Amino acid sequence: MKFIAVNEPLLDGNEERYLVECVRTGWISSEGPFIKKFEEQFSRRVGRAHGVAVANGSVALDAAIVALGIGPGDEVIIPTFTIISCAAAVVRAGAVPVFVDCDPSTWNMDVAQVEAKITKRTAAIMIVHIYGLPTDVDPILQIAERHHLKVIEDAAEMHGQKYKGLPCGSFGDVSIFSFYPNKHITTGEGGMIVMNDPALAERCRSLRNLCFKAEQRFVHDELGWNFRMTNLQAALGVAQLERLDEFIAKKRRMGALYTERLQDLAGLELPLARTEYAESVYWVYGVVLHERFNFNAKEAMARLAGLGIGTRPFFWPMHQQPVFKRMEWFEQIRCPVAERLATRGFYLPSGLALTEQQIELVVAAVREILQ
Ligand SMILES: Cc1ncc(COP(=O)(O)O)c(C=O)c1O
């Protein structure tokens, strides 16, 4: 049997045609018509006035945090169950991340724990939507308003998802997306910062492009980065965006099929299909092994690899990262839900190119290793 990869993107729309157009016209750098088109179309799709395309989702977070003026002396509340990019952006800006455990059913930040983390130094709350369902946004926006805090929404995994009917990527002061190939739409590598405030958009554009002074090129009042996206990447993005609705529908069918085939397996915790505010888009199909199994996710993943199935572990909690332990940070912190998910959770092949037949093969392999 051919190895079933954990992710394979679908690139069979206008991607090739638009890429050829870039090559033929010579627009291959970060200047060119697809950049503007992608920024306009994507930001409109998520209900924002401005979009700033960047090199990836991680640097989108870096630029967003700095653009909001978050820095030394500030604290930012973030979920512990997320990717390092979220904590790294806060730390690199000179601020301190304050971690919150997650909800055991949605795997998103437990919003009931957020307000107790607020101190005099808190400057912002970062919402990060995890795997398929959005975080419960409204209570966070209310807390932020009460305490005059900024809100950053990391919607890297949530293209096309909605919270109470409004697009993910439209909440708070600024939102970011990733277009890595495992995302619903991809540009190879890529990211976008979206916002409504034109001054914030301008600042992100400046930070993305080395903070060149407008009046005199090669003169800089401030240090920025080269975080630019290329026209080639944006060409892919425009082609992919044309198919976002189709991709979301496909992901939901894939998720429903996995659930239908796996739901009778005792001890395998499956992702929640919906909450009162959203229906999962199954960015990835995550599963959690109950303690009745005397092996953990790492062992299950090794067994599945032996049967030709690619998987990925769940996020490792931020408060337990060796890089922070070395700094002797967060040593007293306990987040039992995230700690359990890290050792017992992993995700199954979830890419858009996955066929129903391959899902059946994955399901058979999961049954074999668990029964
Ligand atoms: C929630 C979240 N934020 C940020 C990122 C970083 O995006 P990138 O891989 O494009 O740097 C990811 C990547 O998967 C992510 O899942």
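Source: prediction; values computed, not measured.

A. Inspection of the site of the ligand at higher detail. The full set of residues close to the ligand is Asn-56, Gly-57, Ser-58, Ile-83, Ser-85, Val-128, Asp-154, Ala-156, Glu-157, Ser-178, Lys-183 and Gly-190. The separation between an oxygen atom of the ligand and a polar side-chain atom of Lys-183 is 2.7 Å. The protein chains hide 91% of the 390 Å² of surface that the ligand would expose on its own. Taken together, the residues of the shell around the ligand sort by class into three nonpolar, six polar and three charged.

B. Quick peek at the environment of Ala-364. Position of Ala-364 among the secondary structure elements: in helix α12 (residues 356–370). By relative accessible area, Ala-364 is classed as partly exposed at 44%. Separated by 103 residues in the primary sequence, Ala-364 and Arg-261 place their C-alpha atoms 9.2 Å from one another.

C. Representation of the environment of Ala-89 within the structure. With respect to the helices and strands, the residue Ala-89 is situated in helix α4 (residues 84–92). Looking at Ala-89, the relative accessible area reads 1%, which means it is buried. On a C-alpha basis, the gap between Ala-89 and Ala-235 in space is 27 Å, while along the polypeptide they are 146 residues apart. Other than its neighbours up to four places away in sequence, Ala-89 contacts Leu-61, Asp-62 and Ile-65.

D. Structural context of helix α1 (residues 15–25). Listed as buried for α1 are Glu-15, Tyr-18 and Cys-22. Each buried residue of α1 sits inside an arc of 80° when the element is viewed along its axis, so together they form one side. Away from the buried face of α1 by more than 90 degrees, exposed residues Glu-16, Arg-17, Val-23 and Arg-24 are located. Those residues of α1 that are buried are in contact with α2 (33–45) and α7 (231–241). Positioned one or two residues after α1, Gly-26 has a phi angle of 85°, which is positive.

E. Spatial organisation of the sheet that holds strand β13 (residues 345–348). In spatial order, the strands read β10-β11-β13-β12; together these four strands make up an open sheet with antiparallel pairing. Sheet topology places β10 (268–269) and β12 (312–313) at the edges, where each strand pairs with a single neighbour. Across four bridges, the pairing between strand β11 (residues 285–289) and β13 is antiparallel. Within β13, the position partnered with Tyr-285 by the bridge is Leu-348. The sheet strands contacting helix α8 (residues 244–262) are β10, β11 and β13, and the helix crosses β11 at an angle near 25°.

F. A look at unusual backbone geometry. For Tyr-131, which is not glycine, the phi dihedral falls at a positive 70°. For Tyr-131, the location among the structural elements is in the loop between β4 (122–128) and α5 (137–147).

G. How the structure looks around the pattern of salt bridges. Applying the stated rule across the entire model yields 21 salt bridges. Ionic pairing is found between Asp-245 and Arg-45, a salt bridge with its closest N-O pair at 2.9 Å. Placement of the pair is Asp-245 in helix α8 and Arg-45 in helix α2, with a sequence separation of 200 residues. Its relative accessible area of 31% is what places Arg-45 among the partly exposed residues. Ionic pairing is found between Lys-213 and Glu-215, a salt bridge with its closest N-O pair at 3.7 Å. Beyond isolated ion pairs, a larger network of salt bridges with shared partners links Asp-12, Arg-243 and Glu-246.

H. The arrangement of the pairing of strand β5 (residues 150–154) in detail. With four of five residues buried, β5 is to be regarded as a mostly interior element. Relative to β5, β4 runs parallel, the two being bridged by five bridges. Across the sheet, Met-126 pairs through a bridge with Ile-152, a residue of β5. Regarding topology, α5 serves as the crossover connection from β4 to the parallel β5, and that connection is right-handed.

I. Quick look at the packing of aromatic side chains. In total, this model carries 27 aromatic pairs according to the counting rule given. Geometrically, the ring pair formed by Phe-81 and Phe-315 is edge-to-face, given 5.6 Å between the ring centres and 75° between the ring planes. Placement of Phe-81 in the loop between β2 (75–79) and α4 and of Phe-315 in the loop between β12 and α10 (322–326) is noted, with a sequence separation of 234 residues between them. Where Trp-107 meets Tyr-131, the ring centres are 6.0 Å apart and the plane angle is 80°; that geometry is what we call edge-to-face. One end of the pair, Trp-107, is in the loop between β3 (96–100) and β4; the other, Tyr-131, is in the loop between β4 and α5, and 24 residues separate them in sequence. Note on Trp-107: relative accessible area 7%, which makes it buried. The class of Tyr-131 is buried, set by a relative accessible area of 3%. Grouped by ring-pair contacts, the aromatic residues Phe-81, Trp-107, Tyr-131, Trp-283, Phe-314, Phe-315 and Tyr-347 constitute a single cluster. Geometry around Phe-293 places Arg-292 over its ring, the cationic atom sitting 6.0 Å from the centre. One residue, Arg-303, lies across the ring of Phe-295, its end atom 4.0 Å from the ring centre.

J. Layout of the pairing of strand β9 (residues 191–195). Within β9, five of the five residues are buried, leaving the element largely enclosed by the surrounding structure. The alternating pattern of β9 places Gly-191, Ile-193 and Met-195 and Met-192 and Val-194 on opposite faces, both of which are buried. The sheet contact formed by strand β1 (residues 50–54) and β9 spans five bridges and is antiparallel. Pairing of Val-54 across the sheet is with Gly-191, part of β9. Judged from the five bridges that link them, strand β8 (residues 174–178) and β9 form a sheet pairing that is antiparallel. Paired with Val-174 across the strands is Met-195, a residue of β9.

Cut-offs used in this document
- Residues numbered from 1 in each chain as written.
- Predicted model: local features only at pLDDT ≥ 70, side-chain atom pairs only at ≥ 80, totals over all residues.
- Heavy atoms only, no water.
- Near = heavy atom within 4 Å.
- Polar contact = N/O pair within 3.5 Å; in protein donor to acceptor, adjacent residues only side chain to side chain.
- Areas by Shrake-Rupley, 256 points an atom, 1.4 Å probe, with all protein chains shown as cover.
- Nonpolar A, V, L, I, M, F, W, Y, C, P; charged D, E, K, R; others polar.
- Helix = DSSP H or I, 4+ residues; strand = E, 2+ residues; numbered from the N terminus.
- Buried < 20%, exposed > 50% of the residue type's maximum accessible area, 1.4 Å probe, protein only.
- Contact = heavy atoms within 4.5 Å.
- Arc of directions from axis to C-beta.
- Pairing = 2+ DSSP bridges.
- Axes fitted to C-alpha atoms, helices over the stretch in contact; angles between N-to-C directions.
- Salt bridge = Lys/Arg side-chain N within 4 Å of Asp/Glu carboxyl O.
- Right-handed = clockwise from strand over helix to strand, strands pointing away.
- Phe/Tyr/Trp six-rings, centres within 6.5 Å; stacked < 30°, edge-to-face > 60°.
- Lys NZ or Arg CZ within 6 Å of the ring centre and 35° of its normal.

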